[in-house]
Amino acid sequence: MTRHAKLYQYQLPMDSGVILRAQRLAMREGWVVELRDGGRVGYGEIAPLPEFSTESLSQAGEQAQTLLTQWQAGGSLDLSDTYPSVAFGLSMALLELAGELPAQGNYQVAPLCSGDPDELVEHLSQLPGEPVAKMKVGMYEAVRDGMIANMFIEAVPGIRLRLDANRQWTPLKARQFAKYVSPQHRAGIAFLEEPCRTPAESLAFAEETGIAIAWDETVRDPGFTVKAEPGVAAIVIKPTLVGSVQRCLDLVADAREAGLIPVISSSLESSLGLGQLARLAAWQTPEVVPGLDTMQLFQAQLETPWPDCALPITPLSSLEVVWQQD
Ligand SMILES: O=C(O)CCC(=O)C1=CC=C[C@@H](O)[C@@H]1C(=O)O
Ligand SMILES: [Mg+2]
């Protein structure tokens, strides 16, 4: 028997201000799988995101153990009926094991603007290439969001601003936002993710305002299929929430076919999973800036260093192995 699998458990402290929907996330928790076959090794991260994933950490861990038992016994893995986080982590480990995930990553992220607009303007002016930034909206006054977005577009020539409202706005609030972005600045918004509570309201907003939108939550709605729709510019693909690598590649291909931008994005994976997403993005969507600016939300990295990140690194060898079989 040359196959050998291990499952590690990790816990990483987060920055004090990380809020997911209704919950503060003090600690990011997940599993790392290690697959060995002959002299080769592949890793994958299984980390359901609280408030976003439907499966819990322990459900994902139990399912992973069942599948790892099958794999180690020589079986192939059927990931069609597994939790998205498990399908993603296991398929990533298999891909790495097969040597099919290129080493080169796209670490050029869309910087997330949290608070200080002046800081972001300064930061963007130092980055190479077309300036891309991302700003969360929908958390405070829609009018304020509109004014800040307008200010960015005015201050940074050529900016491709990505906004994310996470379905927070009523049609009225979305309209208030748009009112403060002058019509000549609206093209500076590359896309606004999920402005309204329903896809239909978001489509109506795009049509009414000329502001392009993107699907994120909608991609995970049951029965979602990628299609070209007026006003829709992009789909956001968060592999931990979506499923296997193959499912992600299908979404990328469908997006291209429909003329939409496929944006590979993070679900707050550790630096190990995030690094693999950067590699997936460089390989599959080389022309798109991925949405991976989430290392700054952590207080530690896991095994794989993220470029230019000064946070301390927890090695896998220091983690508890929670499952392995002889
Ligand atoms: O999309 C990005 O650029 C980074 C990822 C990101 O913003 C998010 C990831 C996961 C959960 C959310 O809190 C958040 C989002 O609102 O999309
Ligand atoms: Mg979002």
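Every chain is numbered on its own, with residues counted from 1 as its sequence reads. Think of it this way: whatever chain is written first is A, whatever ligand is written first is 1, and the rest follow in order. Under the rules for a predicted model, residues below a pLDDT of 70 receive no local features and side-chain atom pairs below 80 are neither given nor counted, while totals for whole chains, interfaces and linings still include all residues. Each side-chain value is derived from all of the structure's non-hydrogen atoms; neither hydrogens nor water enter the calculation.

### Thoughts on helix α5 (residues 171-179)
The rule is simple: take the accessible area with a 1.4 Å probe, protein chains only, and divide by the maximum for that residue type; under 20% is buried, over 50% is exposed, in between is partly exposed. Under the DSSP-based scheme used, a helix requires at least four consecutive residues in state H or I and a strand at least two consecutive residues in state E, with every element numbered from the N terminus. Taken as a whole, α5 has its buried residues at A174, F177 and A178. Projected onto a plane normal to the axis of α5, the buried residues spread over an arc of 95 degrees and lie on a single side. Opposite its buried face, α5 presents the exposed residues L172 and K179, each directed more than 90 degrees away. By the convention used here, residues are in contact when the closest approach between their heavy atoms is within 4.5 Å. Considering only its buried residues, α5 is in contact with α4 (142-155), β8 (160-164), β9 (189-193) and α6 (199-209). Each direction from the helix axis to a C-beta atom contributes to the arc, which is the arc of those directions.

### Description of the packing of α5 against α6
Fitting a line to C-alpha atoms yields each axis, with helices limited to the stretch in contact; the angle taken between N-to-C directions then spans 0 to 180 degrees. Relative to each other, α5 and α6 sit at 30 degrees, their axes nearing to 11 Å. Taken together, the axis directions place α5 and α6 in an arrangement best described as roughly parallel. With respect to the hand of their crossing, α5 and α6 are arranged in right-handed fashion. In this structure, α5 uses P171, A174, R175, F177 and A178 to contact α6, whose residues at the interface are E201, F205, E208 and T209. Only Asp, Glu, Lys and Arg are considered charged in this grouping, and only Ala, Val, Leu, Ile, Met, Phe, Trp, Tyr, Cys and Pro are considered nonpolar; every other residue, Gly among them, is considered polar. Of the residues contributing to the contact of α5 with α6, the split by class is five nonpolar, one polar and three charged. For this classification, under 35 degrees means roughly parallel, over 145 means roughly antiparallel, 65 to 115 means roughly perpendicular, and everything else is oblique. In this scheme the crossing of two helices becomes right-handed for a clockwise turn of the near helix relative to the far one and left-handed for an anticlockwise turn of less than a right angle.

### Some points on the sheet that holds strand β15 (residues 320-324)
In this analysis, strands are considered paired if DSSP registers two or more bridges between them. With respect to topology, four strands assemble into an open sheet ordered β5-β4-β1-β15, the strand pairing being antiparallel. The open sheet has two edge strands, β5 (40-46) and β15, and neither has a second partner. On average, each strand axis in the sheet is tilted by 25 degrees relative to the strand beside it, whichever way the strands run. Judged from the four bridges that link them, strand β1 (residues 3-13) and β15 form a sheet pairing that is antiparallel. Within β15, the position partnered with L7 by the bridge is W323. Most of the contacts of helix α1 (residues 57-72) go to β1, to which it runs at about 160 degrees, and overall it touches β1, β4 (27-37), β5 and β15. Across the sheet, helix α2 (residues 84-97) is in contact with β4 and β5; its angle to β5 comes to roughly 160 degrees.

### Regarding the pairing of β4
Judged by how many residues are buried, β4 sits mostly within the fold: eight of 11 residues are covered. Where β1 and β4 come together, 11 bridges link them in antiparallel fashion. Bridge pairing in β4 places P13 opposite M27. Inspection of the sheet shows β4 paired to β5 by seven bridges, in the antiparallel sense. Each bridged residue has a counterpart across the sheet, and for R36 the counterpart in β5 is V41.

### Notes on the domain arrangement of the chain
Where each domain starts and ends follows an automatic or database-derived domain assignment. The domains assigned to the chain are domain 1 (3-101 + 311-324) and domain 2 (112-298). For domain 1 and domain 2, the distance between their C-alpha centres works out to 26 Å. At the junction of the two partners, domain 1 supplies 30 residues and domain 2 supplies 24 residues. Summing the contributions of domain 1 and of domain 2, the shared interface buries around 2200 Å²; its carbon and sulfur component is 68%. Broken down residue by residue, the surface that domain 1 buries against domain 2 is led by E45, F88 and L101, which jointly contribute 27%. Only one rule defines a salt bridge in this text: a Lys or Arg side-chain nitrogen within 4 Å of an Asp or Glu carboxyl oxygen. Our enumeration of links across domain 1 and domain 2 arrives at two salt bridges. With its nearest N and O atoms 4.0 Å apart, the salt bridge here joins R21 to E217. Each polar contact in these results corresponds to two N or O atoms within 3.5 Å; when the atoms are within protein, one needs to be able to donate a hydrogen and the other to accept it, and residues that are neighboring in sequence are counted only if both atoms are side-chain atoms. Scanning the region where domain 1 abuts domain 2 turns up 11 residue pairs in polar contact (both at pLDDT 80 or more). With eight residues, α2 is the largest single contributor of residues to the side of domain 1 that touches domain 2. Among the residues making up the side of domain 1 that touches domain 2, the classes are represented as 20 nonpolar, four polar and six charged. By buried area we mean how much accessible surface two parts lose on assembly, using a 1.4 Å probe and totalling the loss over both.

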